[in-house]
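# Chain and residue survey
Spelled out from the first residue to the last, the chains are:
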Amino acid sequence: MLLLSTCSCFMSVFTASWLGGLACIFSTSLLFQILVRPCSNGGGLFFCPQSPNAPSILSSKDRTAYHFQPPKNWINDPCGPMYYNGIYHEFYQYNPDGSFNPNTSYNIVWGHSVSTDLVNWITLEPAIEPDTPNDIKGCWSGSATIVSGDQPVIIYTGVIDIEKHQVQNIALPKNRSDPYLREWTKAGNNPVIQSGVPGLNSGQFRDPTTGWIGPDGLWRIAVGAQLNGYGAALLYKSEDFLNWTRVDHPLYSSNASIMFECLDFFAVLPGSNNGLDMSSAIPNGAKHVLKMGMNFGEDVYVIGVYDLKRDAFVPDTDDSRLWPRIDYGNFYASKTFFDSKHGRRIIWAWTTETDSSSDDIAKGWAGIYSFPRTIWLDNDGKRLLQWPVEEIESLRRNEINHQELELKKGDLFEIKGIDTLQADIEIDFELTSIDDADPFNPSWLFDTEKHCQEADASVHGGIGPFGLVILASDNMEEHTVVHFRVYKSQKNYMILMCSDLRRLVLFSTNACIY
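Residue positions are given per chain, counting from 1 as you read along its sequence in written order. For a predicted model such as this one, the threshold for reporting local features is a pLDDT of at least 70, and the threshold for listing and counting side-chain atom pairs is 80 or more; totals across whole chains, interfaces and linings nevertheless cover every residue. To obtain the side-chain values, all non-hydrogen atoms of the structure were included, while hydrogens and water were left out.

A few words now on the packing of aromatic side chains. Ring pairs are drawn from Phe, Tyr and Trp, using the six-membered ring of Trp, whenever the two centres fall within 6.5 Å, and their geometry is named by plane angle: stacked under 30 degrees, edge-to-face over 60, tilted for the rest. Under the definition given, this model contains 27 aromatic pairs. On the numbers, 5.3 Å between centres and 70° between planes, the contact of Phe68 with Trp121 is edge-to-face. Taken as a pair, Phe68 in the loop between β4 (30-38) and β5 (73-84) and Trp121 in the loop between β7 (109-115) and β8 (122-128) lie far apart in primary sequence, 53 residues in all. Accessibility assignment for this pair places Phe68 and Trp121 in one class, buried. These aromatic residues form a ring-pair network of at least three members: Phe68, Tyr92, Tyr94, Trp121, Trp348 and Tyr369. If you follow Arg321 out to its NZ or CZ, it ends over the ring of Phe446, 4.1 Å from the centre. Whether a charge lies above a ring is judged from NZ of Lys or CZ of Arg, which has to be within 6 Å of the ring centre and within 35 degrees of the ring normal. Its end group placed over the ring of Tyr493, Lys488 keeps NZ or CZ at 4.6 Å from the ring centre. Here a helix means four or more residues in a row that DSSP labels H or I, a strand means two or more in a row labelled E, and each is numbered from the N terminus. Here the term buried applies to any residue with accessible area under 20% of the maximum for its type, exposed to any over 50%, and partly exposed to those in between, with areas from a 1.4 Å probe on protein chains only.

Here, two cysteine sulfur atoms that lie within 2.5 Å of each other are counted as a disulfide. One pass over the structure, following the stated rule, counts one disulfide. A disulfide bridge connects Cys452 with Cys498, and the sulfur atoms are separated by 1.8 Å. On the S-S bond that ties Cys452 to Cys498, the torsion sits near -80°, and the link is left-handed. In this pair, Cys452 is assigned in helix α2 (residues 448-454) and Cys498 in strand β35 (residues 493-500), connecting sequence segments 46 residues apart. Look at Cys452 and you get buried, because its relative accessible area is 8%. In this structure Cys79 is not part of a disulfide, and its nearest cysteine sulfur, from Cys262, lies 8.7 Å away. Looking at Cys79, the relative accessible area reads 0%, which means it is buried. Cys139 takes part in no disulfide bond, and the closest cysteine sulfur to it belongs to Cys79, at a distance of 9.9 Å.

Okay, the environment of Ser279 next. In this fold, Ser279 is placed in the loop between β19 (261-268) and β20 (287-294). A sequence separation of 130 residues divides Ser279 from Gly149, and the C-alpha atoms of the two residues are 8.5 Å apart. Contact between two residues is taken to exist if any of their heavy atoms lie within 4.5 Å; hydrogens are not considered. The residues touching Ser279, leaving out its near neighbours within four places in the chain, are Ile146, Ile213 and Trp219.

This part is about the nonpolar core. Residues enter a nonpolar core if they are buried and are Ala, Val, Leu, Ile, Met, Phe, Trp, Tyr or Cys, with the set joined through side-chain atoms within 4.5 Å. One finds Trp212, Leu251, Phe265, Leu290, Met292 and Leu384 to be the most contacted residues of the largest nonpolar core, which totals 34 residues. Of all the secondary structure elements, the ones that give two or more residues to this core are β16 (230-238), β19, β20, β21 (298-307), β24 (344-351) and β27 (373-377). Residues within four places of Trp212 in sequence aside, it is in contact with Leu218, Trp219, Arg220, Ile221, Ala222, Leu235, Leu251, Phe265, Met278 and Tyr306. Of all hydrophobic cores here, the second largest spans 25 residues; its members include Phe68, Ile75, Cys262 and Val389.

Moving on, we come to the sheet that holds strand β22 (residues 312-315). Between any two strands, pairing holds if DSSP finds at least two bridges. Here we have four strands laid out as an open sheet, ordered β19-β20-β21-β22, and antiparallel in their pairing. If you trace the sheet from one side to the other, it starts and ends with β19 and β22, each paired once. For this sheet the average axis-to-axis angle between neighbouring strands, irrespective of direction, equals 40°. As defined by bridge partners, β21 adjoins β22 across four bridges and the pair is classed as antiparallel. Paired with Val305 across the two strands is Val314, which belongs to β22. For helices, the fitted axis covers only the stretch in contact; all axes are lines through C-alpha atoms, and the angles between them, taken along N-to-C directions, range from 0 to 180 degrees.

So, about empty space enclosed by the protein. Put plainly, a pocket is an open set of points on a 1 Å grid over the protein atoms alone with protein on both sides within 12 Å along at least five of seven lines, a cavity is a set where a 1.4 Å probe fits but cannot get out, and a lining residue has an atom within 4 Å of a point. Grid points are joined across faces, edges and corners, and a volume is the space filled by probe spheres set on the points. Evaluated as defined, the whole model comprises one cavity of 30 Å³ or more. Approximately 50 Å³ is the volume found for the largest cavity. Looking at the largest cavity, the residues that line it are Asp77, Pro78, Ser141, Gly142, Asp207, Cys262, Leu263, Ala333, Ser334 and Lys335. Within the residue set of the lining of the largest cavity, elements represented by two or more residues are β5, β9 (139-147), β19 and β23 (332-339). Of all the elements, β23 adds the most residues to the lining of the largest cavity, at three residues.

In this section: the confidence of the model for the protein. Note: predicted coordinates in regions of low pLDDT should not be interpreted at a detailed level. The predictor attaches a confidence to each residue, and that confidence, scored 0 to 100, is pLDDT. Looking at the protein as a whole, its pLDDT mean stands at 86, while 85% of the residues score no less than 70. Overall, residues 506-514 carries pLDDT values under 50, and its contacts beyond four positions in sequence, including any with other chains, amount to 39 contacts.

To continue, consider unusual backbone geometry. Of note, the bond from Asn190 into Pro191 is cis; its omega dihedral lies within 30 degrees of zero at -5°. Tracing the chain through its elements places Pro191 in the loop between β12 (184-186) and β13 (200-206). Residues Gly464 and Pro465 are joined by a peptide bond in cis, for which omega reads 5°. Looking at where Pro465 falls in the secondary structure, it is placed in the loop between α2 and β33 (466-470). Positive phi outside glycine occurs at Leu118, with the angle close to 65°. As for its position among the elements, Leu118 is in the loop between β7 and β8. Given a relative accessible area of 2%, Leu118 falls into the buried group. Backbone geometry at Asp311 places phi at a positive 55°, although glycine is not the residue there. Within the element layout of this structure, Asp311 appears in the loop between β21 and β22. The buried category is assigned to Asp311, whose relative accessible area is 6%.

Here's what the structure looks like:
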């Protein structure tokens, strides 16, 4: 779910969903326009048949048509996405041995795929494999940085023993003239960063960030860690990106979590959807975002200022209850990169599936990625905004368009005429009045998930719930509701977006919503 702030009562909704019967349900009179576009390969989704009579999970139709995934096997964290010499590169945690979690086999590698449009991908051989003492038990997550304008460098976490002690390593492309950068060579001075820090848990020391340049011309990275029992982003400096020295204080630390992992650190300009290149000078007025994986499953971010004199990140608030998540759905280990082709910042994330481990093995894959999104900071400098990259529109076909439909409380309107296995939906809601909006309670910001549970789709309010019923069976015994409510705060209106999955029977239908 997501709390949105707006100055009007008009809403635009974009979602990529897999639909087994689709309807719109409203609790107040409103007008709306809806467009539905199936994806280009029709029923080519990854595990969402419409009914128990649909093909089994072993069908080729069960694979996603929108989201990135390699042809087979397990994936988890995205690693080092970058745009270099006209090619998008996606590196990812990959199990070459099958579709099971590789934590027990100690053979996680960096998978590698390339694209020119973020939609169509070519799968290459793994870029980095565990074959040295510095990574013999696994090549874990990291980042890619383009140094001096034309030198890509990967920095990644190596697991050195079965106790999972961790160090940081460097890899360089063997042949930069190869447009796909197929082969990578590990630096001779690996590990470039070791864990000899007082109070550091060497088994919780990973996921180095993309590099950035400070005012002194030195490169910097942060590494996620557990330091003295708390989460920390340890800070390191380098002149050449090969030899690193630890700064005597963290970039940031907090007792909000016992460990920070899957770090990301980048600059944003309030109200501008243009991305900023961290390897260049950052303009005045920019804010910085520190994204942290907390509680081993939540991507949380905090907005603040990068204090150049102290070489430290200063958050706008230290109250972790007010740190929003990047996405309140199934979305973790996100990683951003600067797309120099379009001047934007793009974010990816790992989306786990709800199938059992045995089903993962049977179908031959586990895990997909969220569709890449452009990400930027709102006008107030308080929240990150996201939108799927425009390239997704190349997948759309056979638009169905309904305009100026008026529904009253309790009405359902079924969208017909398409194969609803997988579709994009764009809806504009126009409320006839917002006078009845319930007052907004600021305490809901501390736990929006709890409020969504309390104000579920069956609870009627002043304005709401209204929205979509998706993955619905003919008798409505099974369905998922994506619904909205409008609240009145002191200065503006707040919109609450929730999804209610309690009537979604995953195993009987292999259904999903991401």
